Amino acid sequence: MKKFILAIGLALALQQSAMAGFAEGATAYNNKNYALALKEIGPLARAGNADAQHLLGLMYYMGRGVPQDYKQALAWHRKAALQGKADAQYVVGAMYYTGNAVIQDHKQAVAWFRKAAEQGHADAQQVMGLMYRYHMGGMPQDNVIAYMLWNLAAAKGSATAAEQRSAVVKHMTQEQIEEGQALSAAWKPNTPLPTKSRTGGE
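Residues numbered from 1 in each chain as written. Predicted model: local features only at pLDDT ≥ 70, side-chain atom pairs only at ≥ 80, totals over all residues. Heavy atoms only, no water.

Asks: Requested: an account of the overall build of the protein chain, with residues and values cited.
Replies: When its secondary structure is counted, the protein chain shows 10 helices and zero strands. Of the regular secondary structure in the protein chain, the N- to C-terminal order runs α-α-α-α-α-α-α-α-α-α. Burial status across the protein chain gives 45% buried among its 202 residues. Relative to all contacts within the protein chain whose residues are 6 or more apart in sequence, the contacts with residues 24 or more apart total 53%. (Helix = DSSP H or I, 4+ residues; strand = E, 2+ residues; numbered from the N terminus. Buried < 20%, exposed > 50% of the residue type's maximum accessible area, 1.4 Å probe, protein only. Contact = heavy atoms within 4.5 Å.)

In structure tokens:
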């Protein structure tokens, strides 16, 4: 039992020191001290810290502190995305959607956007709303699901989603609006999003 408690204590200590290193790296990044950010973030990313992997991916994507390298950016974001980091899932989705450093694949893009959106990621929800509204990326055209997604993203502060929701309402019946509102009120983060509505398909 003592060994077990010691192991937990050691794991927590390692986690706390990793978070301290990440905080220092993130602060350095925000202060545009990219050399220090890389020094702090690099080892954490290689050790499997998802936050550090995502930040290192951004550094490669933007060419900050390292040469710009979209393949490296994708590789680091994918590592973080596979650990469930919503921001990284959104970036991986965007890279697949645009075909940046990877063969364009809308199915992969949608799968990654959905993972992020289901965690409550507002940008991913906003993009998924566009896909449902305009029948993009292989998504069925469904104004109710688009409305629901924009409702959720707007609640998180997305002004773009709020504008898109206002625009789509003009093309919806009262019944469709009510279904969209009911779906967004019922949905909880980290649960599957509906793939189609009762009244919104065209």
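Asks: Help me get a handle on the nonpolar core, residues and values and all.
Replies: Core analysis: the biggest nonpolar cluster contains 38 residues, and Met-128, Met-131, Tyr-132 and Leu-193 have the highest contact counts within it. Sort the elements by how many residues they give to this core and helix 8 (residues 143-155) lands first, with nine residues. The residues touching Tyr-132, leaving out its near neighbours within four places in the chain, are Arg-114, Met-139, Pro-140, Gln-141, Asp-142, Ile-145, Ala-146, Leu-149, Pro-194 and Thr-195. Counting 17 residues, the second largest nonpolar core, distinct from the first, contains Ala-45, Ala-52, Leu-55 and Met-59. (Core = buried A, V, L, I, M, F, W, Y, C linked by side-chain atoms within 4.5 Å.)

Asks: Give me the lowdown on the side chain of Gln-89, citing residues and values where you can.
Replies: Topologically, Gln-89 is positioned in helix 5 (residues 86-98). In this structure the side chain of Gln-89 is engaged in a polar contact, spanning 2.9 Å, whose partner is the side chain of Gln-119. The contacts of Gln-89, once residues within four sequence positions are left out, are Ala-81, Gly-84, Trp-112, Lys-115, Ala-116 and Gln-119. (Polar contact = N/O pair within 3.5 Å; in protein donor to acceptor, adjacent residues only side chain to side chain.)

Asks: Give me the lowdown on the pattern of salt bridges, citing residues and values where you can.
Replies: Under the defined criterion, the tally for this structure stands at two salt bridges. Taking the shortest distance from any N to any O, the salt bridge between Lys-85 and Asp-51 comes out at 2.7 Å. Of this pair, Lys-85 sits in the loop between helix 4 (70-82) and helix 5 while Asp-51 is found in helix 3 (residues 50-62), placing the two residues 34 residues apart along the sequence. In this structure, the salt-bridge partner of Arg-198 is Glu-175, at a minimum N-O distance of 3.4 Å. Of this pair, Arg-198 sits in the segment after helix 10 (174-186) while Glu-175 is found in helix 10, placing the two residues 23 residues apart along the sequence. In this structure Arg-198 comes out as exposed when scored by relative accessible area, which is 64%. (Salt bridge = Lys/Arg side-chain N within 4 Å of Asp/Glu carboxyl O.)

Asks: Provide a residue-level description of the packing of helix 7 (residues 122-134) against helix 8, including the pertinent values.
Replies: Two elements in contact, helix 7 and helix 8, have axes whose closest approach is 8 Å; the angle formed by their N-to-C orientations is 160°. Between helix 7 and helix 8, the angle falls in the class roughly antiparallel. Both helix 7 and helix 8 take part in a crossing whose hand is left-handed. Taking contact as the criterion, the partners of Ala-122, Gln-125, Gln-126, Met-128, Gly-129, Leu-130, Tyr-132 and Arg-133 in helix 7 are, on helix 8, Asn-143, Ile-145, Ala-146, Leu-149, Trp-150, Leu-152 and Ala-153. (Axes fitted to C-alpha atoms, helices over the stretch in contact; angles between N-to-C directions. Parallel < 35°, antiparallel > 145°, perpendicular 65-115°, else oblique. Left-handed = near helix turned anticlockwise from the far one by under 90°.)

Asks: Can you break down helix 9 (residues 159-169) residue by residue, with the values?
Replies: Those residues of helix 9 that fall on the buried side of the exposure criterion are Ala-161, Gln-164 and Val-168. Here the buried residues of helix 9 occupy an arc of 65° about the axis, which is enough to place them on one side. Summarising the geometry of helix 9, the exposed residues directed more than 90 degrees from the buried face are Ala-159 and Glu-163. Residues of helix 9 that are buried sit in contact with helix 7 and helix 8. (Arc of directions from axis to C-beta.)

Remember that the coordinates give geometry; whether it matters functionally is a separate question.
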